[in-house]
Amino acid sequence: MKKHSQAAHIAAAFLAVFSVQGAFAADSSSGSSVTLYGVVDTNVRVSTHENASGGSKTQMDAGGPITGSRWGLRMKEDLGGGLSAFSILESGFDTGTGQLLQGGRAFGRQSLIGLQGAWGQVTAGRQYTVAHEMAASYEALGIANNSLLGFQSGYTNLRQDNLLRYAGNFGPVSLIAGWTFGEQAGSGQKGATKALAAAYKNGPLRIGGTLQRSNNVSTYLGTAVAESREDFYSLGGTYDIQKTKLFFSFNRHRLDNAGYANNAVTVGMNMPVSARVTLIGTAMVDRMQHAQGSGKRMVAGGVLEYALSKSATLYGVIDYTHLSGEWMNVATQPGFATPFYGNDNTRLGLGLGARVRF
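Definitions and limits used
Residues numbered from 1 in each chain as written. Predicted model: local features only at pLDDT ≥ 70, side-chain atom pairs only at ≥ 80, totals over all residues. Heavy atoms only, no water. Helix = DSSP H or I, 4+ residues; strand = E, 2+ residues; numbered from the N terminus. Rg over C-alpha atoms; globule rule 2.2 N^0.38 Å. Buried < 20%, exposed > 50% of the residue type's maximum accessible area, 1.4 Å probe, protein only. Contact = heavy atoms within 4.5 Å. Areas by Shrake-Rupley, 256 points an atom, 1.4 Å probe, with all protein chains shown as cover. Lys, Arg positive; Asp, Glu negative; His and termini not counted. Charge placed at Lys NZ, Arg CZ, Asp CG, Glu CD. Phe/Tyr/Trp six-rings, centres within 6.5 Å; stacked < 30°, edge-to-face > 60°. Salt bridge = Lys/Arg side-chain N within 4 Å of Asp/Glu carboxyl O. Pairing = 2+ DSSP bridges. pLDDT = per-residue confidence, 0-100. Core = buried A, V, L, I, M, F, W, Y, C linked by side-chain atoms within 4.5 Å. Polar contact = N/O pair within 3.5 Å; in protein donor to acceptor, adjacent residues only side chain to side chain. Patch = residues over 30% accessible without salt bridge, like charges linked within 9 Å, V, L, I, M, F, W, Y side chains within 5 Å.

Novice: Residues and numbers for the overall build of the protein chain, please.
Specialist: A count of helices and strands for the protein chain gives four helices and 17 strands. The C-alpha radius of gyration of the protein chain comes to 21 Å, within 12% of the 21 Å expected for a compact globule of 358 residues. Overall size of the protein chain, expressed as C-alpha extent along the three principal axes, is 65 × 55 × 50 Å. A buried classification covers 43% of the 358 residues belonging to the protein chain. Restricting the contact set of the protein chain to residue pairs at least 6 apart, pairs at least 24 apart contribute 55%. Total accessible area computed for the protein chain in this model is approximately 17,200 Å², and 60% of it derives from carbon and sulfur atoms. Of the charged side chains in the protein chain, 30 are positive and 22 negative; the average position of the first set lies 2 Å away from that of the second.

Here it is in structure tokens:
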């Protein structure tokens, strides 16, 4: 019954966008618009050490290394005087199966409403966290959709429900602030998240940073932990050298009661090889401290893209992960986001894929 209900909602949204677009076309002076957009992205992937006996796995991945598949609606209304209202509804899906992602939500990627003007914009609803937006801006793959390369989305919390955000640009400075309502009776702080971010751009250099605190967190990369206050701090930037962009960052993540602390350094690049070919590379070292032990997670990956057109791309991807010490103790626990097994502390992945935007 639930699946039929979700399908009905999505079908209704499609019907609505086409009927609304028709109405706007009849009255172009209304100052209103609705845009249907999306990305369909998948790749065939082979990866090593995917079970307790060390076997490899061949699969059609749910999404690409950089982007996941999604479709969405952007709606905008001009209110006059430089003020406009807008909303975004965005649904993620598995290209291989057609199933909805983000726990089966109809609009699990984004579901928000906003108001914007010369002073900036305010948005409310399910959306990307402040920390994720800033940290992704100075990571070469934008904190990858590939969960081995993009595991730090578990530190930034990626998206949150009930998030109220402000964003504004003031010359070379951009600011973002957010408050996520915990919606717990008797406490405004329980389950809440607060965050700030800022960036400064001067010529080829852009630097930025963010700090985010979440209360009453009880998971760590999918594993159950003691309820803790979660803190995430990040500082990084980009530097343009002709057409090549370099990326660098330092990130710290901490769960106080659970006793986990992570310090990670990332570097990367985005380099056009020719008019149609682009090479993107990223590497990171994450040092974990837990109780009396420590460990390292070393990750490297690359994507070679070939543009068939402005909207269609073919690509090859490679990723490699090496874990040691406490990282292996966590990665072999039930529920870990990308499970490792036994004494196999490495994983190599290779993939070929395609991406189409509309």
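Novice: Describe helix 2 (residues 130-137), and please don't skip the residues or the numbers.
Specialist: With six of eight residues buried, helix 2 is to be regarded as a mostly interior element. Looking only at helix 2, the buried set comprises V130, A131, H132, M134, A135 and A136.

Novice: Tell me about the packing of aromatic side chains, residues and numbers included.
Specialist: Using the criterion set out here, one finds five aromatic pairs in the structure. Relative to F107, the ring of W71 has its centre 5.9 Å away and its plane inclined at 65°; by these criteria the two rings are edge-to-face. In this pair, W71 is assigned in strand 3 (residues 70-80) and F107 in the loop between strand 4 (83-92) and strand 5 (110-117), connecting sequence segments 36 residues apart. Look at W71 and you get buried, because its relative accessible area is 7%.

Novice: Can you break down unusual backbone geometry residue by residue, with the values?
Specialist: Its identity as a non-glycine residue notwithstanding, Q102 has a phi of 55°, on the positive side. Inspection of the secondary structure assignment puts Q102 in the loop between strand 4 and strand 5. On the accessibility criterion, Q102 (22% relative accessible area) is partly exposed. If you check the backbone angles, L158 has positive phi at about 50° while not being a glycine. On the basis of relative accessible area, L158 is assigned to the partly exposed category, the value being 26%.

Novice: Account for the pattern of salt bridges, naming residues and giving values.
Specialist: What the rule picks out here adds up to 11 salt bridges. Notably, a salt bridge pairs E90 with R109, separated by 2.8 Å at the nearest N-O pair. Placement of the pair is E90 in strand 4 and R109 in the loop between strand 4 and strand 5, with a sequence separation of 19 residues. For the pair shown, E90 and R109 are each scored as buried. The closest approach of N and O atoms between D231 and R229, which form a salt bridge, is 3.4 Å. For D231, a relative accessible area of 4% translates into the label buried.

Novice: Outline the environment of R105, listing residues and values.
Specialist: Inspection of the secondary structure puts R105 in the loop between strand 4 and strand 5. Here the alpha-carbon distance between R105 and D231, two residues 126 residues apart in the chain, equals 27 Å. The contact partners of R105, leaving out residues within four places of it in the chain, are S91, L100, R126 and D161.

Novice: Can you explain the pairing of strand 8 (residues 173-180)? Please cite residues and give values.
Specialist: Of the two faces of strand 8, the one holding S174, I176, G178 and T180 is buried and the one holding V173, L175, A177 and W179 is not buried anywhere. Where strand 7 (residues 159-170) lies against strand 8, eight bridges are found, and the strand directions are antiparallel. Bridge assignment links L164 to a residue of strand 8, and that residue is W179. Both strand 8 and strand 9 (residues 193-202) contribute to a ladder of eight bridges, which runs antiparallel. Looking across to strand 9, one finds that T180 is bridged to T193.

Novice: If you had to explain the confidence of the model for the protein chain to someone new, which residues and values would you point to?
Specialist: Per-residue pLDDT for the protein chain averages 93, and the proportion of residues at 70 or more is 92%. With pLDDT under 50 throughout, residues 10-28 is counted as low confidence; its partners more than four residues away or in other chains account for 19 contacts.

Novice: Can you break down the nonpolar core residue by residue, with the values?
Specialist: Core analysis: the largest hydrophobic core is formed by 42 residues, its most contacted members being Y155, Y220, L255, Y260 and W327. The element contributing the most residues to this core is helix 2, with five residues. Apart from the residues within four sequence positions on either side, Y220 is in contact with Y155, V225, H253, L255, Y260, N262, M288, W327 and V330. W71, F93, A106 and F107 belong to the second largest nonpolar core, which has five residues in total.

Novice: Any chance you could break down the side chain of S69 for me, citing the residues and the numbers?
Specialist: With respect to the helices and strands, S69 occurs in the loop between strand 2 (57-60) and strand 3. Look at S69 and you get buried, because its relative accessible area is 1%. There is a polar contact of 2.8 Å between the side chain of S69 and the backbone nitrogen of D41.

Novice: Talk me through a nonpolar patch on the surface; I want residue IDs and the actual numbers.
Specialist: On the surface, a cluster of nonpolar side chains totalling about 810 Å² of accessible area is made up of Y200, L205, I207, Y239, I241, L246, F248, F250, V265 and V267. Counting only elements with at least two residues in the nonpolar patch, the list comes to strand 10 (205-220), strand 11 (223-241), strand 12 (244-255) and strand 13 (260-272). In terms of residue count, the dominant contributor to the nonpolar patch is strand 12 (three residues). Mapping Y239 onto the fold places it in strand 11.

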